[in-house]
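So you can see what is in the structure, the chains are spelled out below.
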Amino acid sequence: NEINCIQTLLGHNYEINCIIISNNRLYSGSSDNSIKIWDLDSYYNIITILGHMEAVLCLEISNNHLYSGSKDKTIIVWDISAIDSNIEVTCSMTLSGHMGSVNYLKISNSRLSSGSSDRTVKLWYTNPFNLNNISFSSI
């Protein structure tokens, strides 16, 4: 039983901080402030998304939306529904509220949870996008 590397994907200018795979696509977030979307059949970089002012630290996907958390203290919600039509990925909205880097994102039951270096977890209602959030401080 051996595990072999089948492909190396090159393209980011700085270290890669996070990856997520969905629908035969790999999404990578980097300290070059970008997100790259790769096709896992061709290993081709389909598109590079720019929008954060600092490193992309975490990614999550749900219902044709990509969520990215960053050292710039924001979460950007990207509409990825038109990727197959070669239409540009667009920013649906930017969520602000953390006082530190957004290090972790998870979606469950129409809620986006975000964890930050500000020692808080915030819950965001994602269906429909409702910016009311509940903040929990860590001990």
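Refer to the structure above for everything that follows.
These remarks concern the structure in this document. (Residues numbered from 1 in each chain as written. Predicted model: local features only at pLDDT ≥ 70, side-chain atom pairs only at ≥ 80, totals over all residues. Heavy atoms only, no water.)

## Remarks on the pairing of strand E3 (residues 34–39)
Okay, step 1: Among the six residues in E3, six count as buried, and that is most of the element.
Okay, step 2: Where burial is concerned, the two faces of E3 agree: the one with Ser34, Lys36 and Trp38 and the one with Ile35, Ile37 and Asp39 are both buried.
Okay, step 3: Connecting strand E2 (residues 25–30) to the next strand, E3, in antiparallel fashion are three residues, including Asn33 with a positive phi near 75 degrees.
Okay, step 4: Sheet topology note: the E3/strand E4 (residues 45–50) ladder contains five bridges and is antiparallel. Counterpart to Ile37 in the pairing with E4 is Ile47.
Okay, step 5: Here E3 folds back onto E4, and the loop between the two strands holds five residues, one of which, Tyr43, carries a positive phi near 60 degrees. (Buried < 20%, exposed > 50% of the residue type's maximum accessible area, 1.4 Å probe, protein only. Helix = DSSP H or I, 4+ residues; strand = E, 2+ residues; numbered from the N terminus. Pairing = 2+ DSSP bridges.)

## Overview of the nonpolar core
Okay, step 1: Residues Tyr27, Ile49, Leu59, Leu66, Trp78, Ile80 and Val89 are the most contacted members of the largest nonpolar core, which totals 16 residues.
Okay, step 2: Where this core is concerned, the elements lending two or more residues are strand E1 (16–22), E3, E4, strand E5 (56–62) and strand E7 (75–79).
Okay, step 3: Top contributing element to this core by residue count: E5, with three residues.
Okay, step 4: Apart from residues lying up to four places away in sequence, Leu59 is in contact with Cys18, Ile20, Tyr27, Ser28, Gly29, Ile35, Leu66, Tyr67 and Ser68.
Okay, step 5: In this structure, Ile75, Leu95, Val102 and Leu112 belong to the second largest nonpolar core, which totals 10 residues. (Core = buried A, V, L, I, M, F, W, Y, C linked by side-chain atoms within 4.5 Å. Contact = heavy atoms within 4.5 Å.)

## Re the sheet that holds E4
Okay, step 1: Spatially, E1-E2-E3-E4 is the arrangement adopted by the four strands of the open sheet, whose pairing is antiparallel. Either end of the sheet is taken by a strand with one partner, and the two such strands are E1 and E4. Going from strand to strand, the sheet's axes swing by 20 degrees on average, the running direction of each strand aside. (Axes fitted to C-alpha atoms, helices over the stretch in contact; angles between N-to-C directions.)

## Quick notes on unusual backbone geometry
Okay, step 1: Its identity as a non-glycine residue notwithstanding, Asn33 has a phi of 75 degrees, on the positive side.
Okay, step 2: Within the secondary structure, Asn33 is located in the loop between E2 and E3.
Okay, step 3: Under the relative-accessibility criterion, Asn33 is labelled partly exposed at 22%.
Okay, step 4: We note that Asn109 has phi near 50 degrees; this positive angle belongs to a residue other than glycine.
Okay, step 5: Tracing the backbone through its elements, the reader meets Asn109 in the loop between strand E9 (102–108) and strand E10 (111–116).
Okay, step 6: On the accessibility criterion, Asn109 (73% relative accessible area) is exposed.

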